[in-house]
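# Inside the fold
The chain contents come next:
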Amino acid sequence: MDEVEQVLSGLTLEDKAALTSGADFWHTKAAPGVPAVMVADGPHGLRKQVEEGGSAVIGDSVPATCFPTAAALGSTWNRDLVRRVGEALGRETRANGVSVLLGPGVNIKRSPLCGRNFEYVSEDPLLAGELAAALVEGVQSQGVGTSLKHFAANNQETDRMRVSADVDERTLRELYLPAFERVVTRAHPWTVMCAYNKVNGTYASEHRWLLTDVLRDEWGHDGLVVSDWGAVHDRVAALRAGLDLQMPTAGSRPDDEVVAAVRAGELDEAQLDASVRRVLQLVERSQPALAEPGSFDAAAHHALAREAAAQGAVLLKNDTVHEAPLLPLGAGDGLLVVGEFARTPRYQGAGSSQVNPTRLDAPLDALRAATGLDVSFEPGFTITDGPEGDDEALRATAVDAARGAGTVVVFLGLPAPDESEGYDRTTIDLPANQVALVEAVAAANPRVVVVLANGGAVAVSRWSRHVPAILECWLGGQAGGSAVADLLLGAVSPSGRLAETIPHRLEDTPAFGAFPGEVGHVRYGEGLLVGYRWYDTRRADVAFPFGHGLTYSTFEYADAVAVERDGGVDVRLTVTNTGAVDAAEVVQVYVRDVEASVARPEHELKAFERVALAAGASAEVALRLDARDLSYWHPGLRRWVLEGGRFVIEVAASSRDVRATIDVDVAGEVPKLPLGPYSTFGEWLADPVGGPLLRDAGFADVPEDVTRMFADIPLAVVADFGFTPLTRDGLDALVGAVAGTGERTA
Ligand code: BGC
């Protein structure tokens, strides 16, 4: 008997019930032979509350490296870098005696309004899953665990503790679940955190289909399922559904309820044992790290945060002004820095992820240090509403200074209160004082670079055409200021790519009108058409497309081939850095299913690879699409179907910059639901077994126009008409004859 079984066998029913809820805000409970362990937020830095008993006060936590938020990490498209960030997070977690870091978050950015989008990776499940898997591998390589959250369909903050996300199964399977699936199957997170919300009417914490059928039985999750803090409303229902640990504490649903339910036969003790076993396993796997916490090098982690922030920034545009692209800047360009965010950086979001950083680099200081010049600065606006008139005066002074400057770098962004856990945004516009400033500065000086700091996409279209260069930095963490200087001055070439589309207007976004729902329900009526799947399928104009991002170099794609192999597709191409500086390209492969019998998005990202290349260098890039990458979730058969036929493989630099398209024929199945009385006349006729039988039953010589008119009529109704050769008995005979031959493949 291993140690866990031995401990389990020595526990009373009361002990076992107690172990399935927390001791306080951050600790599990101790029991005979079982120490308590501590968990802490996540996801992009450790938020370990100083007070032992478990203060919940945000900001009151030990100093820790504030790495770039998920929005910025997502834009790196760099698995190796994200794994290294994970390792660093793991080291800090371990050094602080914490056993589980509560992250990463992989919820899909359904709407740019979601207040927590800065904590999530992408609008695309492949990108979110790949990067989150790398983060989990990195953290867990240090002997501490992660908590993959928030499972599932937690795509808004409004009413998050009650709202039901009403989503059809195909949309869940293809869009909202795959990032979780990828991380669970690939990286084996120690824990998965269930969401607050309901999914199709059932709280995620009580959702047996989600927590047991899908997460454990299909995907093989072998770790623990923990509740989001306060997400459990019925302890017994939650345990029955597959939730193991309620956090933070039992609250008003004491452990006695669990004891009573077992005694009354309402909860199988074996089910409780299974949950306790997972808690014990978590405690057991935490011990080696707790015994040897080690330490971390804060300066090295700061340097890594700087590298990650630089790679997460996306150069949206860099137009030529006076015969050269405006960026990178020269130290002697007569720089003027405008915008309060240059000295008061916005670098992380609010809520449970808020880290107390070990250091904080302001862009203005970093630019001054890097140039060795006393670069002039004008605040230009107030971040929080100042006294009336303040902004006008600040703007006028900044515009005056801009007139005499060589190049103006304007730092804009969202004020901190605009983006937080707990509530959503209501607009994607920048504050009016900032829009007025950038318009006025651009009118005064043609050499303007805008640097943006925001966790979710902001609208740029109103002013972007007046501004030659825009660098989107998201919320770049504590070293973001230095990273901006590295990029603006050309020490590093930008290499980030958009992990979310930047739309022109809120009104253009997929969930507009259906976000955040009402009266307890939010209907995901746009289905699969989220993010670029929406804009590209509708051929709608966007400000900047998914996957877009410029560098200080140029890349050429050549010799792209795609060939079918073993039920999947191998893609190969050569990428060359044709510019004068070292830079990185992100090769993206999208798949278009042209012959599917169900509606599919225009195309979907199915593989990507970031390639760093020295100026003039080439590399061969190989990417693999497996059968699942070509498949869809069949809503009737309720399984993945690779429907055979022609697929278009697009090799692209963004969802709107396709460099090569290759047609590939892939063998697959012809999906069919079993024939029955309510299969239509047309479905019967088209079926290789049912068709001949139906013809033999008196429908051999039906004229073409009648066949067409009858095509959509269920066979049972044809029999009921009375005037056709088919009787009720005949129908029964036909159904009997095809029974067991359904769901065939061809
Ligand atoms: C958040 C989680 C977080 C937990 C603990 C909840 O409110 O939704 O993401 O891990 O609090 O702070």
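Refer to the structure above for everything that follows.
Below you will find a few notes about this structure. (Residues numbered from 1 in each chain as written. Predicted model: local features only at pLDDT ≥ 70, side-chain atom pairs only at ≥ 80, totals over all residues. Heavy atoms only, no water.)

For the rest of this paragraph, the subject is the overall build of the protein chain. Within the protein chain, the regular secondary structure consists of 24 helices and 28 strands. Scaling as 2.2 N^0.38, a compact globule of 746 residues should have a C-alpha radius of gyration of about 27 Å, and the protein chain matches this with 29 Å. Counting only C-alpha atoms, the protein chain reaches 95 × 70 × 50 Å along its principal axes. A buried classification covers 61% of the 746 residues belonging to the protein chain. A sequence separation of at least 24 residues applies to 75% of the contacts in the protein chain between residues at least 6 apart. Accessible surface, the protein chain as shown: approximately 26800 Å² in total, 51% of it carbon and sulfur. Taken as two groups, the 65 positive and 105 negative side-chain charges of the protein chain have centres that lie 1 Å from each other. (Helix = DSSP H or I, 4+ residues; strand = E, 2+ residues; numbered from the N terminus. Rg over C-alpha atoms; globule rule 2.2 N^0.38 Å. Buried < 20%, exposed > 50% of the residue type's maximum accessible area, 1.4 Å probe, protein only. Contact = heavy atoms within 4.5 Å. Areas by Shrake-Rupley, 256 points an atom, 1.4 Å probe, with all protein chains shown as cover. Lys, Arg positive; Asp, Glu negative; His and termini not counted. Charge placed at Lys NZ, Arg CZ, Asp CG, Glu CD.)

Taken together, 14 residues surround the ligand, and among them D41, R116, H150, Y196 and D228 come closest. One of the side-chain N or O atoms of Y196 is found 2.9 Å from an oxygen atom in the ligand. Between the ligand and the protein, one listed contact pairs an oxygen atom with a side-chain N or O atom of E421 at 2.9 Å. The fraction of the free accessible surface of the ligand (310 Å²) that becomes covered by protein chains is 94%. Grouping the constituent residues of the shell around the ligand by class yields five nonpolar, two polar and seven charged. (Near = heavy atom within 4 Å. Polar contact = N/O pair within 3.5 Å; in protein donor to acceptor, adjacent residues only side chain to side chain. Nonpolar A, V, L, I, M, F, W, Y, C, P; charged D, E, K, R; others polar.)

For the rest of this paragraph, the subject is the packing of helix α4 (residues 79-95) against helix α12 (residues 298-312). It is at 10 Å that the axes of α4 and α12 come closest, and there the two elements cross at 150°. Classed by the angle they form, the pair α4 and α12 counts as roughly antiparallel. When the axes of α4 and α12 are compared, the crossing they make is left-handed. On α12, the residues that touch L81, R84, V85, A88, R91 and E92 of α4 are H301, L304, E307, A308 and Q311. Along the lines of polarity and charge, the residues of the contact of α4 with α12 split into five nonpolar, two polar and four charged. (Axes fitted to C-alpha atoms, helices over the stretch in contact; angles between N-to-C directions. Parallel < 35°, antiparallel > 145°, perpendicular 65-115°, else oblique. Left-handed = near helix turned anticlockwise from the far one by under 90°.)

One open sheet accounts for three strands, arranged β20-β21-β24; its pairing is antiparallel. Of all strands in the sheet, those with a lone pairing partner are β20 (555-565) and β24 (618-625), marking the two edges. Ignoring which end each strand starts from, the neighbouring axes of this sheet average 15° apart. In terms of strand pairing, β20 meets strand β21 (residues 568-577) through nine bridges, oriented antiparallel. Along β21, the bridge assignment pairs E564 with V569. (Pairing = 2+ DSSP bridges.)

This next bit is on the pairing of strand β18 (residues 469-472). Within a regular strand, the side chains alternate between the two sheet faces. Neither face of β18 is exposed, since A469 and L471 on one face and I470 and E472 on the opposite face are all buried. In this sheet, β18 lies alongside strand β10 (residues 314-318) in antiparallel orientation, the contact comprising four bridges. Across the sheet, residue K317 finds its bridge partner in β18, namely I470. Bridge count between strand β17 (residues 448-453) and β18: four bridges; the pairing is parallel. Note on β18: the bridge partner recorded for V451 is L471.

Bear in mind that shape data such as this cannot, by itself, settle questions of function.
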